[in-house]
Structure formats: C-alpha cells, structure tokens
Amino acid sequence: MSEHEVLIRLERVSKVFDDGTVAVKELDLDIEEGAFVCLLGPSGCGKTTTLRMIAGLEHPTTGEIYLRGERITHWPPQRRKAGMVFQSYALFEHMTVHDNLAFGLKARRVPRRQVRERVRSMARQLELDDVLRVRASRVDLSTMQRVAVGRTLLAEPDVLLLDEPLNNFQAGLREQMRVQLKSWQYQFGRTMVYVTHDQEEAMTLGDRIVVMRDGQVEQIGEPAEVYRYPTTLFVAGFIGLPPMNFLPARFDASAGRLTMAGAGVEVDASSLRLDRALEEMVVGVRPGHLSPAEEEGADGRPRIRGRVELVRPTAAKTILDVKAEGGQTVRALVPSPFSTAPGDPITLAFEPRHLVVFDPSTKRRIS
C-alpha cells in the first residue's frame, strides 16, 4: 500500500443470491483515495456485483464495507456519496443536456443561481457548451457519456463507479474515450472504480487491476506487475494479447534441467528461481518474448525449432503460429513486416528469465 488514505475497504465480502448463486466470495479489497481501480474478468465473475455493493444497490450476504474507516455495509446509496455511471448512461432522453446535468442539483434543492453556474462550469470542462439546449435523445454516444459523467461529478461523489461505460462504442471512439476518462480522473481528482471484461481497457486505464474469476480475486496489482508476474495460470492466460504460451515440463533435479518436450527445448533451471521443485510443471512464455534467431547462436539462449503454421500480420506486429519439433504449437509476436510463409522453417529464441513456472495442481506460480 502507498501513503494514500484507504477510501473504501471490503472485508470478507460475499454475495449469495436467492437462487443460491454465489456471485462474490470472501472478497478483501482496499481502494485508495484518488486511485483508478479496474475490476477485470470474464462475464459472471462478480465484478458488477462488487461495484453494486460498493454503491449500495446490493447488500452483502456476509462481510463488511467501510468508507474512510466508517462501516457503511447497510447504508442506502444516497448516504454513500458514490456516483454510478451505467452502460446505458440512464439519461432522461426527453430532457436537454442542461437539464440532465442539473437534475441531481435541483433534486437537492441547490439554489438556482448555483445550479446554473455549476452546470456551465462542468459543461466547459467536458466540452458540452454547444449542446446544452439539445435534447439528450439527439446527441451521439460520446456526448451521452460525457453528460452521464458530468451529471455524476456534479453530485460531488467521493468515488465514481463505472459499469462498462464504453461497451456501446466502436473501436476508434472507444480508444478516444479511454484517453478522455483517464484525463478526467487527473482533472477532477476523483477515485474511480471501473468494471470491464476488456483487458486492454484495464491495462490502459487502471492504476491497479483486480482480476476476478468465479466471484473471487485471482490477483491485485499494477498493470505491469499483473502482466509480468501473474500469480495464477488463469491470470497468465487472461492477460496479454496474444495470450501466454503454456508448455508442459518435467524437472530433472539431479541435472538441474527443465525439459519442455512438446517444444523440443530444455533450460537450466538455476535461472528460474523456483520456490519449490516439482517433477511436473507448466512453463509460461509470452509470445513477445519469443524472437526469430539463427538456428545456432553464440548468445546461449534456448531455441525452439519448428515450422510456421500461420502468419497473421497486424499494423505494428506479426503473429506467428509455429509447430515446434516436439509437436506443440507456440505463438510468437514479432515486429512487422516479417517475411515468412506457412511451411517455412523457423527458430525462436528466448531468455530463460522471462519464463514463468506454475504448479499444475494448484495453478499458482512457483517461480
């Protein structure tokens, strides 16, 4: 933890619905003041339920929720000073942008002059001046999102909760709005908790990422930490495009060698810093850590030899599927343009320090 104050704390929070579905199971989570925290995971992992419990829209079955050290587990939403932006934005489409922005202030009986001044100030900051008199039903998705965020910020929440707010956006605009969201966080200094199933979105936006699966936390950490040091096989496979290669391996303790027969390669295990020695292991290597090399080289790097199965060029990188001599297919990510074709022989080299080793029984990292 840093020196920043913990704004929200969840202690052993569980949520079981009436039909017996366990949505969240014994979740422990600290959210610091001013942080941008992304709850990331596949559909049904419990991330939206967690967000709704922070907002007070759902109550935990067990466990406690704290705001600045004060227990708020069963407080109603209006007492929590948590603003929520939904995927649908929940705007009043028959009302103007101005009236949508002003709605919460008027409901709290803020004096009319203050309402007008604060709405105009927010509109300037979110570049909504030109559409204040336009009905919400007539503006585009980008504007709708800015209105939804502006309306929530005008309520001066301690924390802004966002439930997959960019799902309706096309790719180019989605990237633009990610940049905008991050800049708003810097601009307004608000703590943000953001739900997404999109790992690229989480890696781009989050100061910290909470990777969830089946209602439980798999890993919490900064984006680079989660990418470089995944604690479980699930995190290793979920984070990263293309996903990590997994190679079954056998460990020879007497020789200190780790053999990945399917890839036709073995490495000196002394460089892996294993927590414990197991006869059977799973070794992970990122596609970006496999690079084309001479068949034999003086650099001492282990080599996987095989033939190209598939070539997929992208703008900056090319994805290669390579059938290794041992029979396993591995994926490499190399700079574009890269001249090769299916059937061509290829040698891929890697640094052993980039390997991540997992216990196949517990699915947890042991290196």
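Worth saying up front: this structure is predicted, and the values here are computed from it rather than measured.

**Things to note about unusual backbone geometry**
Here comes step 1: The residue after Leu241, namely Pro242, is reached through a cis peptide bond having omega -10°.
Here comes step 2: Tracing the backbone through its elements, the reader meets Pro242 in the loop between helix H8 (233-238) and strand S11 (245-252).
Here comes step 3: The residue after Ser336, namely Pro337, is reached through a cis peptide bond having omega -5°.
Here comes step 4: Mapped onto the fold, Pro337 is located in the loop between strand S18 (329-335) and strand S19 (345-349).
Here comes step 5: Positive phi, close to 50°, is recorded for Arg12, a residue that is not glycine.
Here comes step 6: By the secondary structure assignment, Arg12 is in strand S1 (residues 6-16).
Here comes step 7: Residue classification places Arg12 among the partly exposed positions, given a relative accessible area of 47%.
Here comes step 8: For Glu26, which is not glycine, the phi torsion reads 45° and is therefore positive.
Here comes step 9: As for its placement among the helices and strands, Glu26 is situated in strand S2 (residues 22-32).

**Quick word on a positive patch on the surface**
Here comes step 1: On the surface, Arg112, Arg116, Arg120, Arg124 and Arg133 cluster together into a positively charged patch.
Here comes step 2: Along the polypeptide, Arg133 turns up in the loop between helix H3 (112-125) and helix H4 (141-154).

**With respect to the packing of aromatic side chains**
Here comes step 1: Applying the stated criterion across every chain, the model contains four aromatic pairs.
Here comes step 2: Centroid distance Phe36 to Tyr194: 5.9 Å. Interplanar angle 45°. Geometry classified as tilted. In this pair, Phe36 sits in strand S3 (residues 36-40) while Tyr194 sits in strand S8 (residues 191-196), placing the two residues 158 residues apart along the sequence. A single burial state applies to Phe36 and to Tyr194, both of which are buried.
Here comes step 3: Measuring from ring centre to ring centre gives 6.3 Å for Phe246 and Phe358, while their planes differ by 80°; the resulting arrangement is edge-to-face. Of the two residues, Phe246 sits in strand S11 while Phe358 sits in strand S20 (residues 356-358), which places them 112 residues apart along the sequence.
Here comes step 4: The class of Phe358 is buried, set by a relative accessible area of 0%.
Here comes step 5: The ring of Trp75 carries the charged tip of Arg79 above its face, separated from the ring centre by 3.8 Å.

Rules used throughout
- Residues numbered from 1 in each chain as written.
- Predicted model: local features only at pLDDT ≥ 70, side-chain atom pairs only at ≥ 80, totals over all residues.
- Heavy atoms only, no water.
- Helix = DSSP H or I, 4+ residues; strand = E, 2+ residues; numbered from the N terminus.
- Buried < 20%, exposed > 50% of the residue type's maximum accessible area, 1.4 Å probe, protein only.
- Patch = residues over 30% accessible without salt bridge, like charges linked within 9 Å, V, L, I, M, F, W, Y side chains within 5 Å.
- Areas by Shrake-Rupley, 256 points an atom, 1.4 Å probe, with all protein chains shown as cover.
- Salt bridge = Lys/Arg side-chain N within 4 Å of Asp/Glu carboxyl O.
- Lys, Arg positive; Asp, Glu negative; His and termini not counted.
- Charge placed at Lys NZ, Arg CZ, Asp CG, Glu CD.
- Phe/Tyr/Trp six-rings, centres within 6.5 Å; stacked < 30°, edge-to-face > 60°.
- Lys NZ or Arg CZ within 6 Å of the ring centre and 35° of its normal.

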